[in-house]
Amino acid sequence: MEPIAYVNGAFVPLSEAKVSILDRGFLFADGIYEVAAVLDGKLIDNASHLARLQRSVGEITLALPESLERIQEIQKELVKRNSVANGLVYLEVTRGADSGRDFVFPKNDVKPTLVMFTSEKDIVNAPSARTGISVITVPDIRWARRDIKSVALLAQVLAKQAAAEAKAGEAWMIEDGKVTEGGSSSCFILTQDDVIVTRQNGNEILPGCTRKAVVKLAEERQLRIEERAFSVEEALAAKEAFITSASLFVQAVVSIDGKKVGDGKPGLMTNRLREIYVDFARATAV
Ligand code: PDD
């Protein structure tokens, strides 16, 4: 059966899910997105994703066309209609389609566009969860407001394509000698004296929902956490490295630019945090 998508109030077959070429998401990347995981048919950490959605749209002065409660209802309805057991729900809201291409915001009668679709992915049993992934480093060439989950992702497209061509699973972006974040993930290391280090939130990175949950879960277990920037050299000297995101949860990084991290295998702390996160995800799913 053909997958169902949501477009501005209607559930339609994916092949019929269309928006105008004048949509500002298409013309200007004038839009915000979110990706939430689905486990056993339920949404993972969705309150956190919806809170970030609200914040992101606020930062670009875009009003959501539906309430957060309604958006969650639509997400759930879409998961149900597509019988997604394990996967992702993508949602995007843009400043809508005006009558032409004008940089200035449209007048009030232009309704924002809201679209959603789902995909299947077995995040818990992904082979890379066992093996870990390799990463390459690239310069971070993005704009200065990376805390906004904007659909302007060209820098990440190029970074992740470079990673794919190098047979790596992710690109770590570097600015001023420090790792900002992955192309679509937050970065962590575990130092030789067992301190979990991840960059502090700010305009330089997206405040990852999975990052936030992992930091909280680690703190609750009295694990030592430092929120600060780290360099690739520090990551290569670390015991372990890992990344987090809604689409992979917690995943070990076993090499950076072809050099091993630790013994080149997923580490104990990474595996432990992954288990802790999956338990949290199942326990709080909606
Ligand atoms: N990306 N940093 C960036 C630049 C991201 O794009 C993402 C997520 C993250 C992790 O955030 P979270 O834990 O809330 O998923 C960090 C999504 C999954 C994507 O673009 O597909």
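Look a little higher up for the structure.
Residues numbered from 1 in each chain as written. Predicted model: local features only at pLDDT ≥ 70, side-chain atom pairs only at ≥ 80, totals over all residues. Heavy atoms only, no water.

> Quick one: what's the story with the site of the ligand, residue by residue and with numbers?
Taken together, 21 residues surround the ligand, and among them Tyr33, Arg52, Glu181, Cys209 and Thr210 come closest. In the model, an oxygen atom of the ligand is placed 2.8 Å from a nitrogen or oxygen of the arginine 52 side chain. Separating a nitrogen atom of the ligand from a side-chain N or O atom of glutamate 181 is a distance of 2.6 Å. Taken by itself the ligand offers 470 Å² of open surface, and the protein chains cover 91% of this. (Near = heavy atom within 4 Å. Polar contact = N/O pair within 3.5 Å; in protein donor to acceptor, adjacent residues only side chain to side chain. Areas by Shrake-Rupley, 256 points an atom, 1.4 Å probe, with all protein chains shown as cover.)

> An account of unusual backbone geometry is requested, with residue identities and associated values reported.
The phi dihedral of aspartate 176 is positive, around 50 degrees, even though this residue is not glycine. Examined against the element boundaries, aspartate 176 turns out to sit in the loop between β8 (170-175) and β9 (178-182). Judged by its relative accessible area of 78%, aspartate 176 is exposed. Of note, phenylalanine 249 is a non-glycine position whose phi angle comes to about 60 degrees, a positive value. Relative to the assigned elements, phenylalanine 249 resides in strand β14 (residues 249-256). (Helix = DSSP H or I, 4+ residues; strand = E, 2+ residues; numbered from the N terminus. Buried < 20%, exposed > 50% of the residue type's maximum accessible area, 1.4 Å probe, protein only.)

> Before we move on, can you summarise empty space enclosed by the protein with the specific residues and values?
Inspection of the entire model under this criterion finds one cavity of 30 Å³ or more. Every residue lining the largest cavity is listed: Thr180, Glu181, Ser186, Cys187, Thr198, Arg199, Ile205 and Leu206. Sorting the residues of the lining of the largest cavity by element identifies β9 and β10 (186-190) as the ones contributing at least two each. A class-by-class count of the residues in the lining of the largest cavity yields three nonpolar, three polar and two charged. (1 Å grid on protein atoms, 1.4 Å probe; cavity = no way out; pocket = protein on both sides within 12 Å on 5 of 7 lines; lining within 4 Å. Points joined across faces, edges and corners; volume = space filled by probe spheres on them. Nonpolar A, V, L, I, M, F, W, Y, C, P; charged D, E, K, R; others polar.)

> Before we move on, could you go through the pairing of strand β13 (residues 240-245) and cite the residues and values that matter?
β13 sits mainly inside the fold: six of its six residues count as buried. Alternating residues of β13 divide into Glu240, Phe242 and Thr244 and Ala241, Ile243 and Ser245, and every residue in both groups is buried. Sheet topology places β10 next to β13; five bridges connect them, and they run antiparallel. Of the residues in β13, the one forming a bridge with serine 186 is threonine 244. Where β13 and β14 come together, four bridges link them in antiparallel fashion. In the strand pairing of β14, serine 245 is matched with phenylalanine 249. Hairpin geometry of β13 and β14 is characterised by an intervening segment of three residues between the two adjacent antiparallel strands. (Pairing = 2+ DSSP bridges.)

> Just give me the short version of the packing of helix α6 (residues 209-220) against helix α8 (residues 268-284), but keep the residues and values in it.
Packing of α6 against α8 leaves a shortest axis separation of 10 Å and a crossing angle of 105 degrees. When the axis of α6 is compared with that of α8, the two are roughly perpendicular. Packed against α6, whose contacting residues are Thr210, Ala213, Val214, Leu217 and Ala218, the element α8 presents Leu273, Ile276, Tyr277 and Phe280 at the interface. Partitioned by chemical class, the residues of the contact of α6 with α8 number eight nonpolar, one polar and no charged. (Axes fitted to C-alpha atoms, helices over the stretch in contact; angles between N-to-C directions. Parallel < 35°, antiparallel > 145°, perpendicular 65-115°, else oblique. Contact = heavy atoms within 4.5 Å.)

> Any details on the layout of surface pockets? Residues and values, ideally.
A volume near 790 Å³ is recorded for the largest pocket. Only β3 (31-39), α2 (46-59), β5 (87-94), β6 (113-120), α5 (154-165), β9, α6 and β13 provide two or more residues apiece to the lining of the largest pocket. Among the elements that take part in the lining of the largest pocket, α5 stands out by supplying five residues, more than any other. For the lining of the largest pocket, the domains that each give at least three residues are domain 1 (4-120) and domain 2 (128-284). Taken as a whole, the second largest pocket holds about 270 Å³ of empty space. (Domains from an automatic or database assignment.)

> Mind laying out the pairing of β3, listing which residues take part and the relevant values?
Among the nine residues in β3, nine count as buried, and that is most of the element. Both faces of β3 are covered, namely the face carrying Gly31, Tyr33, Val35, Ala37 and Leu39 and the face carrying Ile32, Glu34, Ala36 and Val38. Taking the residues that link successive antiparallel strands as the turn, the β3-strand β4 (residues 42-43) hairpin has two residues, and the phi of aspartate 40 there is positive, at about 50 degrees.

> How would you sum up the packing of α2 against helix α3 (residues 68-81)? Please name residues and give values.
As a packed pair, α2 and α3 sit with axes 11 Å apart at the nearest point and diverge in direction by 130 degrees. It follows from the interaxial angle that α2 and α3 lie oblique. Classified by chirality, the crossing of α3 by α2 is right-handed. Touching Asn46, Leu50, Leu53 and Gln54 of α2 are Leu68, Ile71, Gln72 and Gln75, all from α3. (Left-handed = near helix turned anticlockwise from the far one by under 90°.)

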